[in-house]
Amino acid sequence: MIHDWKMSLYWKLPVSLQEVGLSLYARKLEKLYYGPGYEEYLQWLQGWRSWSMADIRGWQNQQLQHIVQLAATRVPYYRRKWQHIGWQNVSSPSDLHILPRLDKQEIRQNEESFLVEGVNPQSLWVERTSGSTGTSLRIHLPMSMLSKHWAMMEVAVRNVGGVAQEMPRAMMGGRPIVPGNTRSQRYWRFNRRWRQLYLSSYHVSKDTARSYAEAIRAYESQWITGYPSAIGALAEGALDAGVQPVSLRAAIVSGDTLSSNMRSRIEQFFQCKCFDQYGQCEGVCAAMECAYGKMHIVSSVGIIEILREDGYPCVPGEIGEIVANGLMNDAMTLVRYRLGDMAA
């Protein structure tokens, strides 16, 4: 409910009807996110806990071969670019150097040529990237990938943090759910369908922090998720204002960089561990912090390469560019995709 006429209509509604609208929209998304295929994929992912590293690598290799073959034979962009490249020799991540890296600008200029032939574009879900690294893109996803993605989020992200979708939560994201010039101290809207307290990221200050904290208590949120910058600002404002800490099960943050100061403030005010999570709209890779503070790649989502400027792999601990190979999207394949992010 954040684009064009939908947003205009949303602002004209009284708060009570805005919240009805949010709940109705959540119900619509629920059918897509948690509908057909969700439970089956959830159980499959839970079974990964008993898989050996050899089993996981074998599955990844098989899926990578499928994606590469699909790209080379049914995606116009790759068929043209790889016509003189031995893509058939790619059987594992160690062979990916055979293929050229893919820049975001290439997708922007050739969007339709990245769609798998035979797939009806009208049948796909379209995500638009934030453009935080300079280029906003339209990413086409098969509907089946939505339930797989949210099953992954439940098992590999929420459950790792000790929480679940069914638990009441607070959220601080980028949606402008409260008018910027509001005079009300109600800096949130409540999605009753998901018991989700959506807190505005744009009204946080030392003066407003107490109202935010009282809302989190009143709606009995058990965990909080969203941008670390917004949640960190709320925690800092509340601590500076002398607001009594709010005890939660976990804080799971993503979307921008989590600094050590943000983490400290979040954990101090919310009296729980702050988990860092990495992902993107393209859905080509994901990582989640464990209880011991280590980041772990979610192997079912994609294969990550950390590369130097010259394209050679970094040694462990060396900072380099993240190049991702998505394993879930068989409608718009992204192979050796340069995300624009850095990691070690």
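Owing to the predicted nature of the structure, the values given are computational and were not obtained by experimental measurement.

S.K.: Can you walk me through the overall build of the protein in this structure?
M.R.: Scanning the protein from N- to C-terminus turns up 10 helices and 13 strands. Here the protein has a C-alpha radius of gyration of 21 Å; the compact-globule value for 344 residues is 20 Å, and the two agree. The principal-axis extent of the C-alpha atoms belonging to the protein is close to 65 × 45 × 35 Å. Looking at the 344 residues of the protein, the share that counts as buried comes to 47%. As displayed, the protein has an accessible area near 17,200 Å², and 49% of this comes from carbon and sulfur atoms. Side-chain charges of the protein comprise 37 positive and 32 negative groups, with the mean position of each set lying 6 Å from the other.

S.K.: How should the pattern of salt bridges be read in this particular structure?
M.R.: In a structure, side chains of opposite charge can pair up when their charged atoms sit close to one another. One pass over the structure, following the stated rule, counts 14 salt bridges. Among the ionic pairs, E154 bridges to R158, the shortest N-O distance being 3.0 Å. Remark: R158 and E154 occur in helix α7 (residues 143-158); sequence separation between them is four residues, near one turn of the helix. In terms of burial, E154 and R158 fall into one category: buried. Via salt bridges that share partners, R101, D103, E321 and R338 belong to a single interconnected network.

S.K.: Where do I start with a nonpolar patch on the surface in this structure?
M.R.: On the surface, L17, V20 and L24 cluster together to form a nonpolar patch covering roughly 260 Å² of accessible area. Summarising the element assignment, V20 is placed in helix α2 (residues 15-33). V20 sits in the partly exposed class, given a relative accessible area of 42%.

S.K.: Explanation requested: the packing of aromatic side chains in the structure shown.
M.R.: The geometry of an aromatic ring pair is captured by two quantities: the separation of the ring centres and the angle between the planes. Within this structure, the stated rule accounts for 19 aromatic pairs. Ring geometry for Y33 and W150: centres 4.8 Å apart, planes at 25 degrees, overall stacked. With Y33 in helix α2 and W150 in helix α7, this pair connects stretches of sequence that are 117 residues apart. Residue classification places Y33 among the buried positions, given a relative accessible area of 11%. Assessed through its relative accessible area of 19%, W150 is described here as buried. Where F269 meets F270, the ring centres are 5.0 Å apart and the plane angle is 80 degrees; that geometry is what we call edge-to-face.

S.K.: I'm lost on the sheet that holds strand β9 (residues 287-289) in this one. Help?
M.R.: Hydrogen bonds along the backbone pair up the strands of a sheet, which may run parallel or antiparallel. An order of β4-β5-β3-β6-β7-β8-β9-β10 is seen for the eight strands of this open sheet, with the pairing classed as mixed. At either margin of the open sheet sits one strand with a lone partner, and together these are β4 (188-191) and β10 (295-297). Strand-to-strand twist in this sheet, taken as the mean axis angle between neighbours without regard to direction, amounts to 20 degrees. In this sheet, strand β8 (residues 274-278) lies alongside strand β7 (residues 250-253) in parallel orientation, the contact comprising three bridges.

S.K.: Please clarify how helix α4 (residues 53-74) should be interpreted in this entry.
M.R.: Since one α-helical turn is 3.6 residues long, residues separated by three or four positions face the same way. Look at α4: 31 Å from first C-alpha to last across 22 residues, which is about the 32 Å you get at 1.5 Å a residue. Those residues of α4 that sit buried are I56, W59, Q60, L64, I67, V68, L70, A71 and A72. Summarising the contacts, the buried residues of α4 are in contact with α3 (38-47), α5 (76-81), β11 (302-307) and β12 (320-326).

S.K.: Whenever I open this one, the pairing of strand β2 (residues 138-142) confuses me. Can you help?
M.R.: Working note: regular strand, side chains alternate between the two faces of the sheet. The buried fraction of β2 is high, at four of five residues. When strand β1 (residues 124-128) meets β2, the two strands line up antiparallel, connected through five bridges. Considered in β2, the bridge of L124 is made with P142.

S.K.: What is the right way to read the environment of Y212 from this model?
M.R.: For Y212, the position within the fold is in helix α8 (residues 209-218). Here the alpha-carbon distance between Y212 and A235, two residues 23 residues apart in the chain, equals 9.9 Å. Look past the residues within four positions of Y212 in its chain and what remains in contact with it is M172, Y187, W188, L199, S200, H203, V204 and L234.

S.K.: Honestly, α8 in this entry has me stumped. Any pointers?
M.R.: For α8, the full list of buried residues reads A209, S211, Y212, A213, A215 and I216. For α8, the elements touching its buried residues are β3 (169-172), β4, β5 (196-199), α9 (228-240) and α10 (260-270). Following α8 by one or two positions, E220 has its phi on the positive side, about 55 degrees.

S.K.: What is the right way to look at the sheet that holds strand β13 (residues 337-343) in this model?
M.R.: As summarised here, the arrangement of the three strands in space is β11-β12-β13, forming an open sheet in which the pairing is antiparallel. Edge positions in the sheet fall to β11 and β13, since each of these pairs with one other strand and no more. Ignoring strand direction, the axes of neighbouring strands in this sheet form an average angle of 30 degrees. Across six bridges, β11 lies against β12 in antiparallel orientation. The partner of I306 across the bridge, within β12, is I322.

S.K.: Even after reading the chapter, I still don't get the nonpolar core, so can you show me in this structure?
M.R.: Membership of the largest hydrophobic core comes to 71 residues, with the highest contact counts inside it found for Y78, W82 and M152. For this core, the leading source of residues is α7, giving nine residues. Membership of the second largest hydrophobic core comes to 30 residues, among which are Y212, A213, A215 and L239.

About the criteria used
- Residues numbered from 1 in each chain as written.
- Predicted model: local features only at pLDDT ≥ 70, side-chain atom pairs only at ≥ 80, totals over all residues.
- Heavy atoms only, no water.
- Helix = DSSP H or I, 4+ residues; strand = E, 2+ residues; numbered from the N terminus.
- Rg over C-alpha atoms; globule rule 2.2 N^0.38 Å.
- Buried < 20%, exposed > 50% of the residue type's maximum accessible area, 1.4 Å probe, protein only.
- Areas by Shrake-Rupley, 256 points an atom, 1.4 Å probe, with all protein chains shown as cover.
- Lys, Arg positive; Asp, Glu negative; His and termini not counted.
- Charge placed at Lys NZ, Arg CZ, Asp CG, Glu CD.
- Salt bridge = Lys/Arg side-chain N within 4 Å of Asp/Glu carboxyl O.
- Patch = residues over 30% accessible without salt bridge, like charges linked within 9 Å, V, L, I, M, F, W, Y side chains within 5 Å.
- Phe/Tyr/Trp six-rings, centres within 6.5 Å; stacked < 30°, edge-to-face > 60°.
- Pairing = 2+ DSSP bridges.
- Axes fitted to C-alpha atoms, helices over the stretch in contact; angles between N-to-C directions.
- Expected span 1.5 Å × (residues − 1).
- Contact = heavy atoms within 4.5 Å.
- Core = buried A, V, L, I, M, F, W, Y, C linked by side-chain atoms within 4.5 Å.

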